[in-house]
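# Breakdown of the fold
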Amino acid sequence: MSTDPADLEFTADEMRRMGHATVERLVDHVLSLEKQPARGDVDAANLCRRLRELPPERGVAYEPLLDRLLDEWVPRSFTSSGPGYLAYIPGGGLYPAGLADLIADVVNRYTGVRLAAPALVQLEANALDWLRDWMEFHAETRGLFTTGGSMAHFNAVVCARERHLGADIRAGVLYGSTQMHHSMTKSARLAGIMPDRVRAVPVDERFRMDVDALADLIAADRRAGLRPFCVASAAGTTNTGAVDPLNAIADLCAREGLWHHVDGAYGAFFHMCPELRDLMPGLSRADSLTLDPHKGLFLPYGTGALLVRDGAALRRAHEATAGYLPGRADGDEFYDPHLYGPELSRGFPGLRVWLCLKLYGAERFRAALAEKRALALEAAARVAAMPGIVMAAPPQVSLFAFHLRWPGSGLAEENRATELLVERVNLRNRVMLSGAVVEGRFLARVCVLSFRTRARHVEACATDLAEEAAAVLATVSA
Ligand SMILES: *Cc1c(COP(=O)(O)O)cnc(C)c1O
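Keep in mind it's a predicted model, so treat the numbers as computed, not measured. (Residues numbered from 1 in each chain as written. Predicted model: local features only at pLDDT ≥ 70, side-chain atom pairs only at ≥ 80, totals over all residues. Heavy atoms only, no water.)

### Points about the site of the ligand
- For the ligand, the set of nearby residues contains 15 residues, the closest of which are G149, S150, D263, D292 and K295.
- One of the side-chain nitrogen or oxygen atoms of H294 is found 2.8 Å away from an oxygen atom of the ligand.
- Compared with its free state, where it exposes 380 Å², the ligand has 85% of that area covered by protein.
- Among the secondary structure elements, those contributing two or more residues to the shell around the ligand are α6 (149–165) and α10 (293–296). (Near = heavy atom within 4 Å. Polar contact = N/O pair within 3.5 Å; in protein donor to acceptor, adjacent residues only side chain to side chain. Areas by Shrake-Rupley, 256 points an atom, 1.4 Å probe, with all protein chains shown as cover. Helix = DSSP H or I, 4+ residues; strand = E, 2+ residues; numbered from the N terminus.)

In structure tokens:
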């Protein structure tokens, strides 16, 4: 760097050296993912205390920081980009998305307002249109890249609220199943729909929303003088992977004049595969759909997406202007991010999506998604056949949930034993599983969605589960 303290530019050689060092370390990192412990060591309170420091007054060298990041701090985490990550809803981490972020950050062009970077914004608009086509939404659909599914939900609730309630929001009621993701309730509250106006609809034996019960709740709220306005259903819940009856809910919403939001953060991208569309019939009829490219498109964390069937509703909810902003020379022909979303200055989220879609092409994503579902079915068949295991939620998409049971066992003991099973499998550090408490019962879950999870990792999962289940059952029945 220059000796002039006000000159913040690194020299050309320094920029190259830093870049090369980074890429070298990252490629080594990717190659090591297979061998990294699946859960990693996150017991790091003392490390975090030691990490606290006063604001740095003088700069330090780059490489030692890079070393400490990758050698000491990155490993203290769940290996959520590794092949053994079958916990929660796995994410991705496609390498070219990192390059896209680097490009976006270094060129640092302004993509909040179309006029400032029309060609770059067009790439983002293309990516949104591609998602729209794959989800089989019609041409008037408009979309928005967000930082994740939660923010997509939030914007969907705002659209529904504006359309159906206007300024009178206190009477509005939103419905979702007992299995609805908590980010939906949170989004409702952020959008001014308080928890006392959010209804939990019972589910059937496969954890899908009971549509008759939904209709009863809506009728009861209308009788009480409230204003039902939105039903949030799931194309794959996080707890058990349940797909709500989207067609029946869409019919009911049409009859009742309600907004139908579908949470496809986990499952929606499976709709890209024509042979899997029957898993989520009715998905394309939603008024709005949350997608999470950082799950089902295997991108790194930080990218969610929302599609809104009535694109004008998305725009009405977000449009704003100011005297200092440039006009729009091309009228309404082109997508303009700040008119369709809450942000003005922002990163360039479209580039990582666009670049990955161009580099791989849709067929590679379809192949990977279809393989993840096939692996989940295979794993579920093996787990269901293990002695002492009850398959509580067979896979609807690529996630299944189960628990232990043995002669004479009760719920509390089964819960403890199933939790112990998950813990013991995780201690082996070849795969990482997580659990969920559903209607008082602890379920172990396996979700196959990481693009790095292949047949051998599912094999390891089945082996570890079989051995540890036998071990746990031996102790409880002794
Ligand atoms: C992950 C997830 C969310 C939340 O999305 P974020 O991207 O984590 O904000 C919501 N619903 C479902 C079904 C999910 O899997």
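Next, the rest of the story.
### Some details on the environment of F207
- Positionally, F207 belongs in the loop between β3 (198–201) and α8 (211–223).
- F207 gets classed as buried once you look at its relative accessible area, which sits at 10%.
- As a C-alpha pair, F207 and T475 span 268 residues in sequence and 31 Å in three-dimensional space. (Buried < 20%, exposed > 50% of the residue type's maximum accessible area, 1.4 Å probe, protein only.)

### A few points about the pattern of salt bridges
- Evaluation of the coordinates by the stated rule reveals 35 salt bridges.
- Residues R199 and D221 are paired through a salt bridge, measuring 3.0 Å at the closest nitrogen-oxygen approach. You can see R199 sitting in strand β3 and its partner D221 sitting in helix α8, a full 22 residues away along the chain. Considered together, R199 and D221 belong to a single accessibility category, that of buried residues.
- A single network of salt bridges, built from pairs that share partners, joins R424, R428, R430, D464, E467 and E468. (Salt bridge = Lys/Arg side-chain N within 4 Å of Asp/Glu carboxyl O.)

### Some words on the packing of helix α13 (residues 349–360) against helix α14 (residues 362–384)
- Where α13 contacts α14, the axes come no closer than 6 Å and their chain directions differ by 90°. Relative to α14, α13 is oriented roughly perpendicular. From α13, C356, L357 and Y360 reach across to α14, where they touch A362, R364 and F365.
- Taken together, the residues of the contact of α13 with α14 break down into 5 nonpolar, no polar and 1 charged. (Axes fitted to C-alpha atoms, helices over the stretch in contact; angles between N-to-C directions. Parallel < 35°, antiparallel > 145°, perpendicular 65-115°, else oblique. Contact = heavy atoms within 4.5 Å. Nonpolar A, V, L, I, M, F, W, Y, C, P; charged D, E, K, R; others polar.)

### So, the side chain of H153
- Note that H153 resides in helix α6.
- A residue is classified by how much of its surface remains accessible, and H153, at 1% relative accessible area, is buried.
- In terms of polar contacts, H153 uses its side chain to reach the side chain of D263, at 3.2 Å.
- Those residues within four positions of H153 in sequence are excluded, and the remaining contacts are S183, M184, S187, H261, D263 and T290.

### Quick notes on the sheet that holds strand β10 (residues 434–438)
- Spatial ordering of the open sheet is given by β8-β9-β11-β10, a layout of 4 strands whose pairing is antiparallel. At either margin of the open sheet sits one strand with a lone partner, and together these are β8 (389–393) and β10. Each neighbouring strand pair of the sheet contributes to a mean axis angle of 40°, computed without reference to strand direction.
- Where β10 lies against strand β11 (residues 441–447), 5 bridges are found, and the strand directions are antiparallel. Counted as the bridge partner of G435 is A444 from β11.
- On the sheet, helix α15 (residues 411–428) packs against β9 (399–404), β10 and β11 and is oriented at approximately 30° with respect to β11.
- Sheet strands touched by helix α16 (residues 455–476): β8, β9 and β11. Its angle to β9, the strand with the most contacts, is close to 20°. (Pairing = 2+ DSSP bridges.)

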